[in-house]
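Fold and geometry: a report
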Amino acid sequence: MAKSKFEYVRDFEADDTCLPNCWIVVRLDGRNFHRFSEQHEFKKPNDDRALHLMTKCAQTVMEELEDIAIAYGQSDEYSFVFKKKSRWFKRRASKFMTHVVSQFASSYVFYWKDYFKDQQLLYPPGFDARIVLYPSNQNLKDYLSWRQADCHINNLYNTVFWMLVQRSGLTPVQAQDRLQGTLAGDKNEILFSEFNINYNNEPLMYRKGTVLVWQKVNEVMTKKMKLPKEAEEKEVEVTRTRTKVVALHCDIIGDQFWEEYPEILDEDS
Ligand code: DGT
Ligand code: MG
Ligand code: MG
Ligand code: MG
Ligand code: MG
């Protein structure tokens, strides 16, 4: 069919193909969740409902979209890592970024009521997203380590901060002053000596964030089948191997995780 005289406008579209052989990372982050968490009465410093909802949305993204090898989330953010060799949408950056963030945002609204049973969603939340390419496995591991270290630093700070406010009755400004210039060891010490809390016993999800990986799982189900030599259908147990997204709350900075899940970094997977 002949092209219309308007076709030329297509040439104005920028080429945003991601460089080959690089890990493609999309990180999204809740827009103004400082306000959003206040208005929806999130528990401080960690709200299990909010964290589990974030993870449900990330799971949906991994299952609905192609080629995501691993995801990592904490607070109001999630990072999704697409395989080096992905050819999805010809590696167009805008496709990766917009599909991730829109699928995540619609899931957040769709699944809200499953997690916040007594709390109505008061207004539509938004998320920003960015895309970053990492050429080496070490760069990718360092990226994920950076996000997990950020989770640790913020969570340690927030845990002490809210103890000082909620238990010791300090104002937020007083708590902030008290923590000014303290090191991790000092914060651990305040938690232990003043609140009898061993930070290492705080829930792993708060301290380490959430890692989503693909895992093979065996599913046993019963099926009605007609067996040879038998007249009637019978209930038979069958085992299927399925690959499912599973959530872990483990360290990803050290080598152990990467040794346990070598397929994540595998060139050919
Ligand atoms: P942004 O991202 O620049 O639009 O602004 P914010 O306000 O989203 O800032 P950000 O992303 O640096 O910080 C995340 C905010 O979300 C922070 O104010 C704490 C809040 N938040 C995230 N998870 C929880 C939670 O589980 N409980 C509570 N109370 N707040 C949370
Ligand atoms: Mg921000
Ligand atoms: Mg945010
Ligand atoms: Mg954030
Ligand atoms: Mg279309």
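Report on the accompanying structure.

Reading guide: rules and limits
- Here the residue numbering is sequential within each chain, running from 1 through the sequence in written order.
- To read the labels, note that chains go from A and ligands from 1, taken in the order they are written.
- Residues qualify for local features only when their pLDDT is at least 70, as the model is predicted, and side-chain atom pairs are given and counted only at 80 or more; totals for whole chains, interfaces and linings, by contrast, use all residues.
- Just so you know, side-chain values use all the structure's heavy atoms and leave hydrogens and water out.
- Only Phe, Tyr and Trp rings take part, Trp by its six-membered ring, and two of them pair if their centres are within 6.5 Å. Stacked means planes under 30 degrees apart, edge-to-face means over 60, and tilted covers everything else.
- Labels follow the DSSP assignment, with helices taken as runs of H or I lasting at least four residues and strands as runs of E lasting at least two, numbered in each case from the N terminus.
- Think of it in three bands: with a 1.4 Å probe and only protein chains considered, a residue is buried below 20% of the maximum accessible area for its type, exposed above 50%, and partly exposed in between.
- Lining residues are defined by having an atom within 4 Å of a point belonging to a cavity or pocket. Those points lie on a 1 Å grid over the protein atoms alone, cavities being sets where a 1.4 Å probe fits but cannot get out and pockets being open sets with protein on both sides within 12 Å along at least five of seven lines.
- Grid points are joined across faces, edges and corners, and a volume is the space filled by probe spheres set on the points.
- All residues other than Ala, Val, Leu, Ile, Met, Phe, Trp, Tyr, Cys, Pro, Asp, Glu, Lys and Arg, Gly among them, are scored as polar; the first ten of these are nonpolar and the last four charged.

Turning to the packing of aromatic side chains, a few remarks are in order. The full count for this structure, using the stated rule, is 27 aromatic pairs. With a centroid separation of 6.5 Å and an interplanar angle of 70°, the aromatic rings of F80 and F104 are classed as edge-to-face. Remark: F104 occurs in helix α3 (residues 93-115) and F80 occurs in strand β3 (residues 77-82); sequence separation between them is 24 residues. Judged by relative accessible area, F80 falls into the buried class, the value being 0%. Ring plane angle 85° and centroid distance 5.3 Å describe the contact between W88 and F96, whose orientation is recorded as edge-to-face. Comparing W88 with F96, the two get one shared label, buried.

Before going further, it helps to examine the layout of surface pockets. The computed volume of the largest pocket comes to approximately 780 Å³. Looking at the largest pocket, it is lined by 30 residues, and the ones nearest its centre are S37, P45, S75, D76 and N158. Taken together, the elements giving at least two residues each to the lining of the largest pocket come down to α1 (33-39), α2 (48-64), β2 (68-74), β3, α4 (137-166) and α7 (204-208). Per element, the largest residue contribution to the lining of the largest pocket is 5 residues, and it comes from α4. Of the residues belonging to the lining of the largest pocket, the class tally is 12 nonpolar, 12 polar and 6 charged. Counted as a void, the second largest pocket has a volume near 250 Å³. What lines the second largest pocket is a set of 15 residues, among which I68, A69, K83, W214 and E263 lie closest to the centre. For the lining of the second largest pocket, the elements supplying multiple residues, two or more each, are β2 and β5 (210-226). For the lining of the second largest pocket, the element with the most residues is β5, which contributes 4 residues.

It is worth stressing that arrangement in space is one thing and function is another; only the former is reported here.
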